[in-house]
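# Coordinate inspection notes
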Amino acid sequence: MSNHRKQTVLVTGAAGYIGSHTSLELLNQGYSVVAIDNLANGKVEALRRVEKITGKEVPFFNADLRDADTLKAIFEQHPIDAVIHFAGYKAVGESVEKPLLYYSNNVSASVTLMEAMEEHQAGNIVFSSSCTVYGKPDSVPVRETDELAPTNPYGRSKLMVERILEDSFQAIPSLSVSILRYFNPIGAHPSGRIGEDPTGIPNNLLPYVARVAAGQLDKLQVFGNDYNTHDGTGVRDYIHVVDLAKAHIAALEELWNNTSLLETYNLGTGQGYSVLDVVKTFEEVSGKEVPFEFADRRPGDVDKTFADPSKANKKLNWYAKKDLNEMCKDMWNWQIKNPDGYN
Ligand code: NAD
Ligand code: UFG
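Computed from a prediction, not measured in an experiment: that's the story for all the values here. (Residues numbered from 1 in each chain as written. Chains lettered and ligands numbered in written order. Predicted model: local features only at pLDDT ≥ 70, side-chain atom pairs only at ≥ 80, totals over all residues. Heavy atoms only, no water.)

### Some thoughts on the pattern of salt bridges
Under the defined criterion, the tally for this structure stands at 17 salt bridges. Among the ionic pairs, K136 bridges to D303, the shortest N-O distance being 3.8 Å. With K136 in the loop between strand 5 (124–130) and helix 6 (153–171) and D303 in the loop between strand 13 (292–295) and helix 10 (310–315), this residue pair connects regions lying 167 residues apart in the sequence. Residue class for K136 comes out exposed when judged on its relative accessible area of 54%. (Salt bridge = Lys/Arg side-chain N within 4 Å of Asp/Glu carboxyl O. Helix = DSSP H or I, 4+ residues; strand = E, 2+ residues; numbered from the N terminus. Buried < 20%, exposed > 50% of the residue type's maximum accessible area, 1.4 Å probe, protein only.)

What follows is the structure in structure tokens.
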């Protein structure tokens, strides 16, 4: 493995939440990072802080992935050995309103990226997929071989890219692919210098809870208390973003240590927690109250999903190590150090 330490990785969406945390881990482990992001949802400041924390420079291209000329320039200027592909949109509700935006930004952009990779013989790609490709799971824990039945355009865009990668893998001998299906990434780097900085009012549970605890929002609405779960509220598999970032490096190393590989992995802890479990833990670690009220179910939500991560445990020798306590603690640390996010 150590002979791969000096490889150069193109990180798409590097100024975003998971991209910035993964770039930091890559740099800490001796890889070079080249970043592309159009700042649709990412912040340059995230990358600047990654540079400060690591003491390393990250060449940054402020460009859209659909811009083939910029991609060509990146591959010509930098010896890219692998790509980690985070760039995309991720809001389920918005994808229902604007499906073409999602198919363009998530699917077309991935095709443009793959074309540039093929042209420049860059053979390894790690792709950000999502547990949303399973739709409403028939049973939990969810295994990689379970049925794929996404219920919204966002999920379908992720599944389409998975299919495009599989077809490309069959046709392009130099290509190796790692498809990572994330469950619910939360938390922040323990330094509190980088974290999730959603624009506007957060859709997701943890950023919302953190702002309620900080007094920036009045109270949490808990969407549904009549689900078939231990306390009636929705159950998810929350995973610390630093654990998730490390999984990308394990996946890259697997690609480098093998030729011609296509693997798909669930990335989660394997533990499900309810909304009320999360609220309670957040209150404990922050010492703040998180007022909440029960509200109607959110359309499209599933009652319960969590991963069977045993394939990633076994084949990548990767384990999610940080528990819900640590996830909430690091989330709170980021919140109090950056009450206005990166602004
Ligand atoms: P994010 O929005 O913080 O990061 C995505 C980054 O991609 C942003 O910085 C954005 O500016 C950039 N981007 C978007 N479209 C682009 C384009 N056309 N060209 C260049 N840059 C572009 O999101 P994240 O939470 O870091 O998610 C990263 C990836 O992981 C996404 O593909 C997302 O679908 C996937 N994912 C996220 C979650 C989650 O809950 N956060 C769960 C499963 C999968
Ligand atoms: N929830 C609330 N109140 C809120 C926000 C969320 O009660 O204000 C509940 C939801 O109903 C759900 C749980 O908290 O039970 C988690 O909700 P999130 O929005 O944080 O996460 P989801 O599991 O709904 O969605 C996430 C990503 C999606 C992705 C999906 C599957 O946001 O992009 O995981 O990967 F599609």
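### A look at the site of ligand 1
As a matter of local geometry, ligand 1 sits amid 28 residues, with D37, N41, F86, N105 and Y154 nearest to it. Within the backbone of G16, a nitrogen or oxygen atom sits 3.2 Å from an oxygen atom of ligand 1. Y17 is positioned such that a nitrogen or oxygen atom in its backbone is 2.8 Å from an oxygen atom of ligand 1. Relative to its unbound accessible area of 810 Å², ligand 1 is 94% covered by the protein chains. Secondary-structure elements contributing two or more residues to the shell around ligand 1 are helix 1 (17–28), strand 5 and helix 6. It is strand 5 that contributes the most residues to the shell around ligand 1, 3 residues altogether. Among the residues making up the shell around ligand 1, the classes are represented as 13 nonpolar, 10 polar and 5 charged. (Near = heavy atom within 4 Å. Polar contact = N/O pair within 3.5 Å; in protein donor to acceptor, adjacent residues only side chain to side chain. Areas by Shrake-Rupley, 256 points an atom, 1.4 Å probe, with all protein chains shown as cover. Nonpolar A, V, L, I, M, F, W, Y, C, P; charged D, E, K, R; others polar.)

### Thoughts on the packing of aromatic side chains
What the rule picks out here adds up to 6 aromatic pairs. Between Y31 and W256 the ring centres are 5.6 Å apart and the planes differ by 20 degrees, which places this aromatic pair in the stacked class. Pair noted here: Y31 is in the loop between helix 1 and strand 2 (32–37) and W256 is in helix 8 (residues 241–256), with a separation of 225 residues, a long-range link. Residue Y31 is classed as buried on the basis of its relative accessible area, which comes to 1%. Note on F282 and W332: the rings are 5.9 Å apart at their centroids and 85 degrees apart in plane angle, and the pair reads as edge-to-face. Placement of F282 in helix 9 (residues 275–286) and of W332 in helix 11 (residues 324–337) is noted, with a sequence separation of 50 residues between them. (Phe/Tyr/Trp six-rings, centres within 6.5 Å; stacked < 30°, edge-to-face > 60°.)

### Examining helix 7 (residues 205–213)
Counting buried positions along helix 7 gives 9 out of 9 residues, so the element sits mostly inside the fold. Looking at helix 7, one finds that the buried residues are L205, L206, P207, Y208, V209, A210, R211, V212 and A213. Here the buried face of helix 7 lies against strand 7 (184–186), strand 8 (220–223), strand 10 (238–240), helix 9 and helix 11. At the exit of helix 7 stands G215, carrying a positive phi of roughly 85 degrees. (Contact = heavy atoms within 4.5 Å.)

### Notes on the nonpolar core
Side chains of a nonpolar character, in soluble globular proteins, are inclined to be buried together. Ranked by internal contacts, the top residues of the largest apolar core, which has 43 residues, are V9, L26, L252, L267 and W318. Listed by contribution, the elements that provide at least two residues to this core are strand 1 (8–12), helix 1, strand 2, helix 2 (44–54), strand 4 (82–85), strand 6 (176–182), helix 8 and strand 11 (262–267). The element that contributes the greatest number of residues to this core is helix 8, accounting for 10 residues. Apart from the residues lying within four places of it in its own chain, the contact partners of L26 are V9, V11, Y31, V33, I84, I249 and L252. Counting 27 residues, the second-largest nonpolar core is a separate cluster that includes L65, A122, I172 and I179. (Core = buried A, V, L, I, M, F, W, Y, C linked by side-chain atoms within 4.5 Å.)

### Some details on the environment of T281
Looking at the secondary structure, you find T281 in helix 9. For T281, a relative accessible area of 12% translates into the label buried. Separated by 61 residues in the primary sequence, T281 and L220 have C-alpha atoms spaced 15 Å apart. Apart from the residues within four sequence positions on either side, T281 is in contact with L324, N325 and C328.

### Looking at empty space enclosed by the protein
Taken as a whole and assessed by the stated rule, the structure comprises 3 cavities of 30 Å³ or more. Lining the largest cavity are 13 residues, with E196, P198, R211, W334 and Q335 sitting closest to its centre. Counting only elements with at least two residues in the lining of the largest cavity, the list comes to helix 7 and helix 11. For the lining of the largest cavity, the per-class residue count stands at 6 nonpolar, 3 polar and 4 charged. Volume-wise, the second largest cavity comes out at about 50 Å³. (1 Å grid on protein atoms, 1.4 Å probe; cavity = no way out; pocket = protein on both sides within 12 Å on 5 of 7 lines; lining within 4 Å. Points joined across faces, edges and corners; volume = space filled by probe spheres on them.)

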